[in-house]
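Residue-level structural notes
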Amino acid sequence: MVHKLWLFLALIFCLSGCWDQEEVSKRALVLAMGLDQAAEGKIKVSLQIPIVEELLIVPSGAAVSAKPFALVSAEGSSAFATVPGLNAKTQTSLFFGQIQTVFINTELARKGLTGPTDFLRRHPTVPPQAFLLLTERPAHEMLEVRLISKRIPSYSTVTFFHSNNKKDQVFPQRIWEFNRNIRSQTQDAFIPLIEYDTKEETFIIKGLGVFDGDRLAGILSGEETRMVGLLTGKTRNAYLSIPTERFGRITFRKVTAAPRTKIEHNGHQLLFRFHVNAQGFLVESTRGITRFTPEDLEWIQTKTALYLNREIKKAVQRLQALNSDILALGEKYRAHYPRKWDPANWKLLYSEAKIEVSVKFTVTRSGTML
Amino acid sequence: MNVRSKKSNELNIIQSVIQEAGNPADLRILPFGRELSVYLIYLNSLIPLEKYQDLIGHLPLDRPDREQSRLPMRHETFQADLGITEAVAKLLAGHLLIVKPGTSGIAALDVQGWLKRQPEEPQTERLIRGPREGFVESLDDNIGMIRRWIQDPNLKVEEIVLGRRTKTRVAVLYLDDVAQPRLATEVLRRLKAIHIDGVLESGYIEQLISDRRTSIFPLTQATERSDKAASAILEGRVVILVDKSPSSVIVPVTINEMYQTPEDYYFNFWIGSFLRLIRLLGNNLAVVLPGLYVALVAYHPELLPTQLALSIAGTSSRVPLPLIAEVLLLEIMVEVFREAGLRLPGAVGQTLGVVAGIVLGLSAVQAGLISPSTLAVVSITAIASFTGPNYSVDISWRLLKFIMLIAAAILGLYGIVLSGIAILVHAADLNSFGVSYLAPWAPLQWRTLKDGPFRAPFWARLYRPETWRPQDELRSGGTKKEDEH
Amino acid sequence: MNQEKTAIGPWLFWSLITIICFGFGYINTNTYNVETMGANGYWAIPLAAVCTVPGLIAVYFLMKRFPNHNVIQQGTLIMGNFFGRTAGIIYLLFLLVYFIVFTTDVDILVHSYLLDSTPFYILCAIDLIITVYLSTRGIETISRIASFVILPLVTIVFLLFSFIIPEIRIDRLMPIFDFRFNFKSVGGPSILHIFYPMGLWALITPYCHGIHQKIPRMTLLAFLVLICLFLVDSIVTIGIYGHTYISQLPYPSIETFRTVEISYIFIEQAGLFGVIVLLASTIISSGFSLYAISLGMSQVLGLWDYKRFVWILTPLIFITNIHLAHPGFIKSLSHLFAKHGWMVIWGYPILLSILAFIFKKKGKTTHGS
């Protein structure tokens, strides 16, 4: 009798209907998404959907279509409110589980991103590891650009973040990190700014968009971004080029830094002390010096340290001016002064804080020449 | 009594034997001896008498009666003074009956003259390194093979006869000072409780003494290898040999034993451990891979790498069948080909395997019937399923694969988890002669785990597996103290 | 007959209590920890362990005094038939409701993350079928399953966490020794909830005869393993999200797993596999809980056996599951139980042990322990 009962229950199991089953070939895989500000306060969402048959490698070598993906767009009062409109434009149901990148237009970012990005953290299939990118062009245009190296643009952008050698200028911000940072009182978010070069048909990382809360506060230039990267210690292969009187322009590769940050509170003002131990491989001297003496290297190191000192300070002051704390100094302040920490007061203290930078630079290698 | 009446007495005995035996067509009666006064009665199908003419000439035909003999009956090859019924039973078992003048009884000589196969390596248990000896259909020869491995007076050989009509001899072997006493007692008790018409193969015994007869998992271990059987006896387990069957039955058994081969111990422990891990991986892959494939492609494509997802989407967009139907169809076809391949002669079977695997598979892909990714998954599953060394466990895993596949088709990854747990629950509920089927994982037996997924080196294997609760726990029988003296 | 004893061995005991605590605890532990202790939420783990010890000592004391009886039977022996049964029924009803709340929470998790199109009642039914199947097999099978699963589970969880360690920011975990307990606000004693399932041991003490001497050692080992697991979970979750953001997440540990990315192997979102592993521990915990509650019910009412009660309770649990399935409501119920559950789970054995000591009550020892 008991066995019959189990069988009956097992049949219920089998008759359950497979509601969630939908094969990958029956889904419209969204590889990239674009968020733009549309008229009348609406949001325009664009989706890049690959045409999977066009992506197949044909053994006979026959020519394939030039555009292996489709772009669908719709406008709505909120980001996810556009989905019914987008679904109506595709023959199969939209699937967000393979999103690689989300392009966000700077105009939308300036208005605040808590609303437009909320569905990215709530939707269970959106991968939390997808990358966010800012663009000054309309995001939907970025989704349909032509690239010389890849047939699908979103592949190309993802490669930026996976390549070790690009980590000095591209600091990835994933969806889960972004969502945490825009809601955090101790740290602000940042998103790399990407542009498209029409002539060379390639993407360019132009800088770093920094946020104050959930609003885009400003864009750091490439050099400023590099300095911020040294301060975070995440740089693995930065390039540095400084003009010198003695040796022409000196260029370093594989520049890394081990920063130490201290915050001091003297009662009414904060002092940020940055101590950076940087090092790099000397790779170029435009004067073509064949042999550097120890004194030469010492001179180069001091010069580079001074340069870095100046540039780092400029970068931090720029961040202060934009009221953007992407270095998570708020977190450090809370950790060291928990009794004094007040989220309401933090940004004021931050913008008025003094900065002290000390840099020590070491030339680790000089390549195959001495 | 005069000569004439003595002669008619012998003829009466012969007539009684013929009648009792049912007058079979292969019955032969041969007058023997100088005066042709001794009659030999035998079954021509069981005894090629020409081989034994010299032996018969040296028979102790005038040996004393049984009452004067002090030898135990069961150990006697030559038994004298048997009644008609006993004599006919011996005749049917392949003995040579001797009716000699001046006696009312019949003598029987155990000659074992039927056709026997030479020991050869078992087809399903091939090894790269190891003896090429497998059991044969003769019980005595098989016992002899075990005796050549274990020359210990504590090796007990108990024999019983099962099968009302087949009268099959079954032997139970164990080490008296190692195996748990109650284990051997229980094995014999279960064997004696069998009331059956005939026992044709050890598989009958396996199913009839199994703790849970409805379970998909085998609760006894079958092997044709004599070294494996000997190894089991040395660990404290019991081996059952069945006459006319080359498969021995080893009890108790755990799931851990199903992944071990003698080869693990003939190579060094690095190689042994590596081979064992490969087997575990292969078997688990064979069970889980089709279900995992269906779950990922149909329910959770977000878990697939993007390039792979696009590739699968592209290739399967042209396939008319739903994914689950495609996978089920292919899996069933693989099973059909496997079964067909077993029945065909060697060379044809190999050719068929190639034709089925390569030609048919590729043709089906090109025709758009199936997608290449599905074909790849099913092929890997089919090959991986051969990594298990135990055929009965392999078949069980093949059935479980279908269960997990259907569960994955219904509920995706969650279905795999639920079905996996249900299977585990069933396995955890099993005992084999009082031993947990999931030992040494459940209950955790740390010492025996050294012989689980890895094979510890011999210098680290001082103790027998505690799973079988052996009486003599130390393997070597000695410690450093003995070496020092 | 070479048969297993109808009892559990020391390692089975250890596996069982480790798995059920982990299964019950991982879902909500970080939420309660940061609510009570902020950025120092990881300290809640050892603190909860210390606070659990008196309750465990009480259960152990009762087990030594009444080796053949569990807490339900001990109640009737100590407090008399009427008060003992009444207290036992209240105790079991509390456990039953806690179990229902927990299983509904898990079903909502599965519905949200894995199978959002499948009707909720189907998920509840199928989950319940497997739980019922496990619980009807008995304590030996349940403990064997726990023993089989524990080592791979611990390994996978530690491995997955190791992939997320580079994302930790130490500042989010600091200051390390700034203890500001927030017991008056929403959190409070809810930090103790991760070790509540250990209290279910009180219902199976008769099966622990033969291992009484080893229980303190095994319990300590279980504590060590659980503290390591939860501590790593807590440190990693707070280290990557910060304590203020965690309170916005319904399942912080699950979200932590989802951030795991191992680009160079076949599976990209490895975190979802961590979720599957955690769900396996949840099912085992549910199976054991249902078994223990049914066993207690059959004893307190003096009717039938635990298997019948499993079947009797199943439709009740199913109907309650589908009617409680509102995420916010379940979370607040869960919080309520976490905050006040210690009074019943540990309070009852402590009360019984005090009464047994005062009134010098003792049980018979019919077989050696």
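It should be emphasised that the depicted structure is a prediction, and the values quoted were computed from it without experimental measurement.

**Examining the overall build of chain B**
Helix and strand counts for chain B come out as 15 helices and 12 strands. Long-range pairs, those at least 24 residues apart, make up 64% of the contacts in chain B between residues at least 6 apart in sequence.

**Here's the deal with the overall build of chain C**
When helices and strands are counted, chain C shows 14 helices and zero strands. For chain C, the N- to C-terminal ordering of α and β elements is α-α-α-α-α-α-α-α-α-α-α-α-α-α. Taking 369 residues into account, the globule formula puts the C-alpha radius of gyration at 21 Å, and chain C, at 20 Å, falls close to it. The principal-axis extents of the C-alpha atoms in chain C amount to approximately 60 × 45 × 45 Å. Residues classed as buried in chain C amount to 58% of the 369 residues present. Partitioning the contacts of chain C with sequence separation of at least 6, the portion at a separation of at least 24 is 83%.

**Topic: the domain arrangement of chain B**
Residue and element names in this part refer to chain B. Taken domain by domain, chain B consists of domain 1 (3-110), domain 2 (139-253) and domain 3 (275-436). The straight-line distance from the C-alpha centre of domain 2 to that of domain 3 is 34 Å. With 14 residues of domain 2 at the interface, the matching set in domain 3 holds 14 residues. For the side of domain 2 that touches domain 3, the per-class residue count stands at nine nonpolar, two polar and three charged.

**Observations concerning the sheet that holds strand β12 (residues 248-265) of chain A**
All names here are of chain A. Read across the open sheet, the four strands follow the order β11-β12-β13-β14; overall the sheet is mixed. Pairing within the sheet leaves two strands with one partner each, and these edge strands are β11 (238-244) and β14 (354-365). When strand polarity is set aside, the average angle formed by the axes of neighbouring strands in this sheet is 40°. Pairing of β11 with β12, which is carried by six bridges, proceeds in the antiparallel orientation. The residue bridging P243 from the neighbouring strand is R249, located in β12. Relative to β14, helix α9 (residues 294-322) is tilted by about 145°, and along the sheet it contacts β11, β12, β13 (270-285) and β14.

**With respect to the packing of helix α7 (residues 139-164) of chain C against helix α11 (residues 271-301) of chain C**
Residues and elements named next belong to chain C. At a minimum axis separation of 10 Å, α7 and α11 run at an interaxial angle of 155°. If you check the angle between α7 and α11, you find them roughly antiparallel. For the pair α7 and α11, the crossing hand works out as left-handed. Contacts between α7 and α11 involve I139, I142, I145, A146, V149, L153, I156, V157 and L160 from the first element and G271, G274, V277, A280, S281, I284, G287, F288 and Y291 from the second. For the contact of α7 with α11, a count of residues per class yields 14 nonpolar, four polar and no charged.

**Examining the sheet that holds strand β7 (residues 168-175) of chain B**
Residue and element names in this part refer to chain B. Spatial ordering of the open sheet is given by β6-β7-β9-β10-β8, a layout of five strands whose pairing is antiparallel. Each edge of the sheet is formed by a strand with only one pairing partner; in this case those strands are β6 (155-162) and β8 (221-223). The sheet shows a mean angle of 25° between the axes of neighbouring strands, direction not considered. Of the strand pairs in this sheet, β6 and β7 are connected by eight bridges, and their pairing is antiparallel. Bridge pairing in β7 places L155 opposite L175. The sheet strands contacting helix α5 (residues 181-192) are β6, β7, β9 (238-242) and β10 (248-251), and the helix crosses β7 at an angle near 170°.

**A look at the interface of chain C and chain B**
Of the residues lining the interface, 30 residues belong to chain C; the matching set on chain B comes to 29 residues. When contributions to the side of chain C that touches chain B are tallied by element, the ones reaching two or more residues are α1 (10-25), α6 (120-135), α7 and α11 of chain C. For the side of chain C that touches chain B, the residue count by class is 19 nonpolar, seven polar and four charged.

**Comments concerning the confidence of the model for chain B**
Residues and elements named next belong to chain B. For chain B, per-residue confidence averages 82 on the pLDDT scale, and 86% of positions sit at 70 or higher. The lowest-confidence element of chain B is helix α15 (residues 480-484), averaging 43 in pLDDT; the highest-confidence one is β9, averaging 94. Every residue in residues 64-73 is under pLDDT 50, and counting partners more than four places away or in other chains gives seven contacts.

**Quick notes on the interface of chain A and chain C**
At the junction of the two partners, chain A supplies 22 residues and chain C supplies 26 residues. Counting residues per element, the ones that place at least two in the side of chain A that touches chain C are α1 (2-14), α7 (175-182) and α10 (329-336) of chain A. In terms of residue class, the side of chain A that touches chain C is built from 11 nonpolar, six polar and five charged.

**Concerning the nonpolar core**
Taken as a class, soluble globular proteins show a tendency for nonpolar side chains to be buried jointly. One finds V30, I104 and I312 of chain A, V294 of chain B together with I145 of chain C to be the most contacted residues of the largest nonpolar core, which totals 309 residues. Sort the elements by how many residues they give to this core and helix α14 (residues 391-428) of chain B lands first, with 20 residues. Counting residues in hydrophobic clusters, the runner-up holds 22 residues, among them Y39, I41, A80 and L97 of chain B.

**Observations concerning helix α2 (residues 29-37) of chain C**
An α-helical turn contains 3.6 residues, so any two residues separated by three or four positions project in the same direction. Residues and elements named next belong to chain C. Of all nine residues in α2, nine are buried, a share of seventy percent or more. Every buried residue of α2 is listed here: T29, N30, T31, Y32, N33, V34, E35, T36 and M37. Along its buried surface, α2 packs onto α1, α3 (44-65), α8 (215-241), α9 (243-246), α10 (252-258) and α13 (327-345). Positioned one or two residues after α2, G38 has a phi angle of 60°, which is positive.

**A short note on the confidence of the model for chain C**
All names here are of chain C. Per-residue confidence for chain C averages 87 on the pLDDT scale, and 93% of its residues sit at or above 70. Counting contacts from residues 1-5, a segment whose pLDDT is below 50, to residues more than four positions away or on other chains yields 15 contacts. Interface scoring of the predicted complex returns ipTM 0.90; its pTM is 0.85.

**Considerations on α11 of chain C**
Residues and elements named next belong to chain C. With 31 residues, α11 ought to run about 45 Å at 1.5 Å a step, and its terminal C-alpha atoms sit 45 Å apart, in line with that. Judged by how many residues are buried, α11 sits mostly within the fold: 27 of 31 residues are covered. Downstream of α11 by one or two residues, G302 has phi in the positive range, about 65°.

**Quick look at the environment of I150 of chain C**
All names here are of chain C. Among the secondary structure elements, I150 is positioned in helix α7. Judged by the 23 C-beta atoms lying within 10 Å of it, I150 falls in the buried class. The sequence separation of I150 and S334 amounts to 184 residues, and the corresponding C-alpha distance is 25 Å. Non-local contacts of I150, meaning those with residues more than four positions away in its chain, are made with S15, T18 and I19.

Here is what the cut-offs are and how they apply
Residues numbered from 1 in each chain as written. Chains lettered and ligands numbered in written order. Predicted model: local features only at pLDDT ≥ 70, side-chain atom pairs only at ≥ 80, totals over all residues. Helix = DSSP H or I, 4+ residues; strand = E, 2+ residues; numbered from the N terminus. Contact = placed C-beta atoms within 7 Å. Rg over C-alpha atoms; globule rule 2.2 N^0.38 Å. Buried ≥ 20, exposed ≤ 12 C-beta atoms within 10 Å, placed from the backbone. Domains from an automatic or database assignment. Nonpolar A, V, L, I, M, F, W, Y, C, P; charged D, E, K, R; others polar. Pairing = 2+ DSSP bridges. Axes fitted to C-alpha atoms, helices over the stretch in contact; angles between N-to-C directions. Parallel < 35°, antiparallel > 145°, perpendicular 65-115°, else oblique. Left-handed = near helix turned anticlockwise from the far one by under 90°. pLDDT = per-residue confidence, 0-100. Core = buried A, V, L, I, M, F, W, Y, C linked by C-beta atoms within 7 Å. Expected span 1.5 Å × (residues − 1).

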